[in-house]
Amino acid sequence: MVSVCLYFMRFTLGKDERLKSRKLIGKLYEEGISIKVFPLRMVYIQAEHTSKYPAQVGVSVPKRNFKKAVDRNRIKRLLREAYRKEKLTVYNNIDKPYVFMISYLAKEEWEYANIEHKMKKLLTLFVQDISKEEKS
């Protein structure tokens, strides 16, 4: 069981919580389960990782939809911030290590408040999905 002491948990998104392993990313896209709440899509898999945290996350924005790196980087920053604020939803409800990638699907940039609301919905849906899997 992976546990994080919530008393000492800071609301940061540190180096250990970010998904960087090419092997895990490859495995994630080959075997992962996908859920969508437009404009976000999450692909996740239950997998062991080197982090002490119960989940590792990566974010992506397609170059096809946003040609300028400045625009892609801004959206990735907004996604990471929205996840950082809502990650407690995930941490409180999982007891196995998970790896997931959150992708931005829209063709235009949304306001942060809307992204934050959709992130909350996405993470709630993720928690519901994994609780159904564990029961069956």
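Residues numbered from 1 in each chain as written. Predicted model: local features only at pLDDT ≥ 70, side-chain atom pairs only at ≥ 80, totals over all residues. Heavy atoms only, no water.

## Some details on the sheet that holds strand S2 (residues 40–46)
Pairing within the open sheet is mixed, and its 4 strands lie in the order S1-S2-S4-S3. Each of the sheet's edge strands pairs with one partner strand only, and the pair in question is strand S1 (33–37) and strand S3 (55–60). Ignoring strand direction, the axes of neighbouring strands in this sheet form an average angle of 20°. Sheet analysis places S3 next to strand S4 (residues 98–104), joined by 6 bridges and oriented parallel. Bridged to glycine 58 within S4 is methionine 101. The strands touched by helix H2 (residues 69–91) are S2, S3 and S4; relative to S3, the strand with the most contacts, the crossing angle is about 155°. (Pairing = 2+ DSSP bridges. Helix = DSSP H or I, 4+ residues; strand = E, 2+ residues; numbered from the N terminus. Axes fitted to C-alpha atoms, helices over the stretch in contact; angles between N-to-C directions. Contact = heavy atoms within 4.5 Å.)

## Notes on helix H3 (residues 112–135)
The terminal C-alpha atoms of H3, which comprises 24 residues, lie 35 Å apart, in line with the 34 Å expected from a rise of 1.5 Å per residue. Of all the positions in H3, only Ile115, Lys118, Met119, Leu122, Leu123, Phe126, Val127, Asp129 and Ile130 are classed as buried. Along its buried surface, H3 packs onto S1, S2, H2 and S4. (Expected span 1.5 Å × (residues − 1). Buried < 20%, exposed > 50% of the residue type's maximum accessible area, 1.4 Å probe, protein only.)

The values are spatial; any link to function lies outside them.
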